[in-house]
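Tertiary structure, described
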Amino acid sequence: RAGRSAHKQNHSLSLPKKTLGFPTMAEGEVQEEPVGASEQEVPVENQEGDTSNGANRGRRGREDQTPIEELYDLTKPIPRVERPSKDAYEKNLADINAAIDTYKEDRAKLQAKIDSAMDSGRNSEIGKERELLSGLRAKKGALIDEKKAMRSELDATRDQADKLAKDRKDAKSNIRGFNSIAEIDAEIAALKNRQETTSMSLQEEKRLIKDMDALQASKKVFADMKSKETNLEGVKEQRKAIQGNIVAKDKEIDEIQKLIEEKQGDI
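These figures come from a predicted structure and were not determined experimentally.

**Brief notes about the overall build of the chain**
A tally of helices and strands in the chain yields 7 helices and 0 strands. For the chain, the succession of helices and strands along the chain, N to C, is α-α-α-α-α-α-α. Per-residue burial over the chain gives 12% buried out of 267 residues. In the chain, the share of contacts with a sequence separation of at least 24, taken over all contacts with a separation of at least 6, comes to 80%. Of the roughly 22700 Å² of accessible surface on the chain, 52% is carried by carbon and sulfur atoms.

**Let's talk about helix α5 (residues 125–173)**
Relative to the 72 Å expected for 49 residues at 1.5 Å per residue, α5 spans 72 Å between its end C-alpha atoms, a close match to the ideal helical length. Residues Gly-127, Leu-133, Leu-136, Leu-143, Met-150, Leu-154, Thr-157, Ala-161, Leu-164 and Ala-171 constitute the buried set of α5.

**Some remarks on helix α6 (residues 181–197)**
Taking 1.5 Å per residue, 17 residues should reach 24 Å; α6 reaches 24 Å between its end C-alpha atoms and fits that length. Ile-184, Ile-188 and Leu-191 are the residues of α6 that are buried. The buried residues of α6 all sit within an arc of 65° when viewed along its axis, so they share a single face. In α6, the exposed positions that point more than 90 degrees away from the buried face belong to Ala-182, Glu-196 and Thr-197.

**Focus on the nonpolar core**
What tends to happen in soluble globular proteins is that the nonpolar side chains get buried as a cluster. Core analysis: the biggest nonpolar cluster contains 12 residues, these being Ala-171, Ile-175, Phe-178, Ile-184, Ile-188, Leu-191, Met-200, Leu-208, Met-212, Leu-215, Phe-222 and Met-225. Of all elements in the fold, only α6 and α7 (202–266) reach the threshold of two or more residues within this core. When residues in this core are grouped by element, the largest group, 5 residues, is from α7. When near neighbours in sequence (up to four residues on either side) are disregarded, Ile-188 contacts Met-212, Leu-215, Gln-216 and Lys-219. Ranked by size, the runner-up nonpolar core spans 6 residues in total, among them Leu-136, Ile-253, Ile-256 and Ile-260.

**With respect to the pattern of salt bridges**
Where charged atoms from two side chains of opposite charge approach closely, those side chains can pair. In total, this model carries 10 salt bridges according to the counting rule given. With its nearest N and O atoms 3.8 Å apart, the salt bridge here joins Asp-155 to Arg-158. With Asp-155 and Arg-158 both in helix α5 and 3 residues apart, the pair spans about one turn of that helix. Owing to a relative accessible area of 34%, Asp-155 belongs among the partly exposed residues under this scheme. Counted as one network, the salt bridges with shared partners bring together Asp-155, Arg-158 and Asp-159.

**Here we look at the side chain of Lys-219**
Locating Lys-219 in the fold gives a position in helix α7. Of the polar contacts made by the side chain of Lys-219, one reaches the side chain of Asp-185; its length is 2.8 Å. Sequence-distant contacts of Lys-219, that is, excluding residues within four places in its chain, are made with Ile-181, Ile-184, Asp-185 and Ile-188.

Cut-offs used in this document
- Residues numbered from 1 in each chain as written.
- Predicted model: local features only at pLDDT ≥ 70, side-chain atom pairs only at ≥ 80, totals over all residues.
- Heavy atoms only, no water.
- Helix = DSSP H or I, 4+ residues; strand = E, 2+ residues; numbered from the N terminus.
- Buried < 20%, exposed > 50% of the residue type's maximum accessible area, 1.4 Å probe, protein only.
- Contact = heavy atoms within 4.5 Å.
- Areas by Shrake-Rupley, 256 points an atom, 1.4 Å probe, with all protein chains shown as cover.
- Expected span 1.5 Å × (residues − 1).
- Arc of directions from axis to C-beta.
- Core = buried A, V, L, I, M, F, W, Y, C linked by side-chain atoms within 4.5 Å.
- Salt bridge = Lys/Arg side-chain N within 4 Å of Asp/Glu carboxyl O.
- Polar contact = N/O pair within 3.5 Å; in protein donor to acceptor, adjacent residues only side chain to side chain.

In structure tokens:
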């Protein structure tokens, strides 16, 4: 067993050193370290260092900006802009006005030719028919405008009638079932006779006087209600008249439209 151990030891010692990945050295030779290798340190960064470095870089960036004096040569004089010539301006303006006048003259000549052609067309039979047709269309337009005005008036009377009806309803609600002022006067007289002929407490007499005052005030409300009823009836009659006028105006428009269609067929 001792022999096998010695054999293994001798065998391991006999392996070449380059198979282990290390450079071969002679016995007793000491490997030299690179100069300054032990003094090299791995830099360590921290968050605070990064922030301060960023701020320093920002300040250095602002300090490194090129001054305005180096960008522009301030020793040279600033170029002077000449003042616009008033004569040149007036000349250009005169040229533009002259061109406008020329266009106006050309337009007037063209309009004269158009008017001449239209006048010659009016003297012909077709021209006369067209002129008559144009008059019928104008008349139809006027009738339509009149109808629109009637419609507006009809809408106004409708709003007026609605307001009068509401006011009459409100006034009627304040009257306690009386159909005339005479009935109200009769009720007031009855209450007054009761006050004079009946023995009652002071509180009952005050209530009785209050009722008579309310009846006296309702006489004015009743009169206003009757006036609104009269006005409402008048507005209703006015609406009927306007509606009849609208129907008549529609007939006129239809007759004019028939004439227009006939003239269009002739042309």
